[in-house]
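Architecture at a glance
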Amino acid sequence: MSITIENLNYTYSADTAFKMQALKQISLTIKPGEFIGLIGHTGSGKSTLIQQINGILKPDSGKVIIGDISIFDKGVDLRSIRQKVGLVFQYPEHQLFEMTVFKDVAFGPTNMKLQDDEINKRVKHALSIVGIEESLYESSPFDLSGGQKRRVAIAGVLAMMPEILILDEPTAGLDPQGRYEILDEIQNLHKSLGITVILVSHSMEDIARYVDRVVVMDKGEIKMDGLVKDIFKETEALEAMGLAVPQVSYLIQALNKHGFNLSEDIVTLEEAKEALITLLKRESE
Amino acid sequence: MIRDITIGQFYPAKSRIHELDPRTKINGTFFFILSLFINQSLITYGLAFLALSAVIMATTIPVRFMLKGLKSIFIIIMLTIVLNLFLTPGTTVLLTLGRFTITSEGLQTAFYMGTRLIMLIIGSSVLTLTTSPITLTDGIEALLKPLERIKVPAHEIAMMMTIALRFIPILLEETDKIMKAQLARGADFESGGLIKKARSMVPLLVPLFISSFRRADDLALAMEARCYRGGEGRTRLKQLKYKKVDFWAYNILMLYLIIFVVLRFI
Ligand SMILES: Nc1ncnc2c1ncn2[C@@H]1O[C@H](COP(=O)(O)OP(=O)(O)O)[C@@H](O)[C@H]1O
Ligand SMILES: [Mg+2]
């Protein structure tokens, strides 16, 4: 499903002293099956933007079109939109409430009024995607570790089988291993089902590793939009917005300054390793 | 969404009223409310209305913002007015609607009760809108201080209020977040009857309780880690001091009260 955003404006607490325009004239088109990274300094409006895409926040003006439905038009059933556009909030483990892991994940599908066996199937499938074993299905979600809670919460959204999946800093506060596991699972899902994914992240390494296209926000506006390798060449522009490029990009830039001739397209550790090994082999010959 | 509740909210601005010492404002509010109870007549209510309007003008806060606070308790006000209108026993019947009658006594009581309630609420919101929560509790603590001699734990009460007040915006924010997260999972907080609605609150309340306990625990630990041991021997960063504006405010308050009491006896 495609996402089209046209001239979106949004202001928090519009008629009070604490007025704050969080989004200014945002326009953006996302094609079906893209894996998008959304980056920006804290307070740049990332979370605000993604909440408009599934209709949780209503814009002051502008349009959000999902597939061919303009979601803020009269008569549109926002609940069915929210099922198509799955949104995993930041620290999603804070939303857990049921007695058992299984029941909690079933909350979404139950709200969709599905048949019991369909619900069971979906819950099991979602939990297996995020790597929660069957032995934990009947435990209380509050007895799990932080990382497990996060997985269960993500499964809660996956169980609705959204065609668009939006994740707001899904790995914040997780250890490196847990981080890669979760993101690998999301990537697999993206590849096998062809769903559209929007990943909000503060980690440039994660963006470099998983994402095709990056959208950069600053002070409520979209400042850059392009392929990962192109965006991460703009070190100075990104730093001016309080962001950075991946560590590897800094390494490549430093090496190139000292006479190496490495491609600036390199953004991940793997690519850098390959390039350096090839280079060293050639030198030793 | 839920953050638009204004009761108990602080509206930062630069005005004479904002500048006043919290003790002045608390006393002022207290006596204003008292005045509404000691004398009930068109003239005194008119006077109270004028005084309140003057204070609101002086706060520079948009009137629209003040009135927004009334919206959330609109039902209570309406209920008060309607019940008094129909249920006050009286002799002069003005109107009969089926089994209900409106008497002139009922009309009068309904009018006084309604205006009193509205002025009471706006009067107290002037206090909270112009005083930051921290200053407000400082004021309360200072006013309760004399009662420490009869074993009223003034500092502890003030500290509890500070913490409670501090937590209100956090809890509202948290509620907002959890609500959104459950909405994203297809929760429905609006439709259905009373029982269905109550049940739909479970996914909201459980996470809210859990996070409140967690926060309370964290805070207690953090306070202990910083050697908090209660009010004894504790000094403060900001000392309360009366200024010239406070002197004038007390004079005006006295004048207002004298007029009220005098009007009562003539
Ligand atoms: N519920 C809210 N009420 C008022 N202001 C908010 C709220 N949520 C976010 N903001 C403000 O809107 C701006 C954008 O916030 P947000 O979208 O959360 O940014 P990001 O996710 O990029 O960190 C920030 O300045 C933030 O303070
Ligand atoms: Mg955010």
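Cut-offs applied
Residues numbered from 1 in each chain as written. Chains lettered and ligands numbered in written order. Predicted model: local features only at pLDDT ≥ 70, side-chain atom pairs only at ≥ 80, totals over all residues. Heavy atoms only, no water. Helix = DSSP H or I, 4+ residues; strand = E, 2+ residues; numbered from the N terminus. Expected span 1.5 Å × (residues − 1). Buried < 20%, exposed > 50% of the residue type's maximum accessible area, 1.4 Å probe, protein only. Arc of directions from axis to C-beta. Contact = heavy atoms within 4.5 Å. 1 Å grid on protein atoms, 1.4 Å probe; cavity = no way out; pocket = protein on both sides within 12 Å on 5 of 7 lines; lining within 4 Å. Points joined across faces, edges and corners; volume = space filled by probe spheres on them. Nonpolar A, V, L, I, M, F, W, Y, C, P; charged D, E, K, R; others polar. Domains from an automatic or database assignment. Pairing = 2+ DSSP bridges. Axes fitted to C-alpha atoms, helices over the stretch in contact; angles between N-to-C directions. Core = buried A, V, L, I, M, F, W, Y, C linked by side-chain atoms within 4.5 Å.

Examining helix H3 (residues 42-59) of chain B
Residue and element names in this part refer to chain B. The end-to-end C-alpha separation of H3 is 26 Å, in line with the 26 Å expected for 18 residues at 1.5 Å each. Within H3 the residues assigned to the buried category are Thr44, Tyr45, Ala48, Leu52, Ile56 and Thr59. Taken end-on, H3 shows its buried residues confined to a sector of 110°, consistent with a single buried face. Relative to its buried face, H3 has exposed residues pointing more than 90 degrees away, namely Leu42, Ile43, Leu50 and Met57. Taken together, the buried residues of H3 touch helix H1 (16-19), helix H2 (22-38), helix H4 (63-71), helix H6 (104-130) and helix H11 (244-265). Two residues or fewer after H3 comes threonine 60, characterised by a positive phi angle close to 65°.

What to know about unusual backbone geometry
Positioned with a positive phi, methionine 161 of chain A is a non-glycine residue whose angle comes to about 50°. By the element assignment, methionine 161 of chain A lies in the loop between helix H5 (146-158) and strand S7 (164-168). Looking at methionine 161 of chain A, the relative accessible area reads 42%, which means it is partly exposed. The phi dihedral of lysine 151 of chain B falls on the positive side, at around 65°, and the residue is not glycine. Within the fold, lysine 151 of chain B resides in the loop between helix H7 (133-144) and helix H8 (154-184).

Examining the layout of surface pockets
Residues and elements named next belong to chain B. In this structure, the second largest pocket occupies an estimated 1000 Å³ of space. Around the second largest pocket, the lining is made up of 35 residues, and of these Ile134, Asp138, Thr162, Arg234 and Arg236 lie nearest the centre. When contributions to the lining of the second largest pocket are tallied by element, the ones reaching two or more residues are H7, H8 and helix H10 (202-225). Broken down by element, the lining of the second largest pocket gets its largest block of residues, seven residues, from H8. Grouping the constituent residues of the lining of the second largest pocket by class yields 15 nonpolar, eight polar and 12 charged. When residues of the lining of the second largest pocket are assigned to domains, at least three fall in each of domain 1 (2-131 + 240-265) and domain 2 (158-225).

A look at the sheet that holds strand S5 (residues 69-70) of chain A
All names here are of chain A. Within the open sheet, the four strands sit side by side as S2-S1-S4-S5. Their pairing is antiparallel. The two strands at the open ends of the sheet, each matched to only one other strand, are strand S2 (20-30) and S5. With respect to the sheet, helix H1 (residues 46-53) is in contact with strand S1 (3-12), S2 and strand S4 (61-66), its orientation differing from that of S1 by roughly 125°.

Some words on the side chain of arginine 185 of chain B
If you trace the backbone, arginine 185 of chain B turns up in the loop between H8 and helix H9 (194-200). If we skip the residues at most four places from it in the chain, arginine 185 of chain B touches Gln95, Phe97, Asp104, Phe107, Gly108, Asn111, Gly156, Val157 and Met160 of chain A.

With respect to the sheet that holds strand S6 (residues 85-88) of chain A
Residues and elements named next belong to chain A. The strand order S6-S7-S8-S3-S9-S10 describes an open sheet built from six strands, whose pairing is mixed. What marks the edges here is a single partner per strand, and that holds for S6 and strand S10 (221-227). Geometrically, the sheet is characterised by an average inter-axis angle of 15° between neighbouring strands, direction not taken into account. Relative to strand S9 (residues 213-218), strand S3 (residues 35-40) is paired through five bridges, and the arrangement is parallel. Bridging across to S9, isoleucine 39 finds its partner in valine 216.

Section: the nonpolar core
In globular proteins that are soluble, nonpolar side chains generally tend to be buried together. Residues and elements named next belong to chain A. Core analysis: the biggest nonpolar cluster contains 51 residues, and Leu127, Leu165, Val216 and Phe232 have the highest contact counts within it. The element best represented in this core is H5, accounting for six residues. Not counting residues within four places of it along the chain, the set of residues in contact with leucine 127 comprises Val101, Val105, Ile132, Tyr137, Val152 and Ala155. Ranked by size, the runner-up nonpolar core spans 40 residues in total, among them Leu23, Val64, Phe107 and Ile164.

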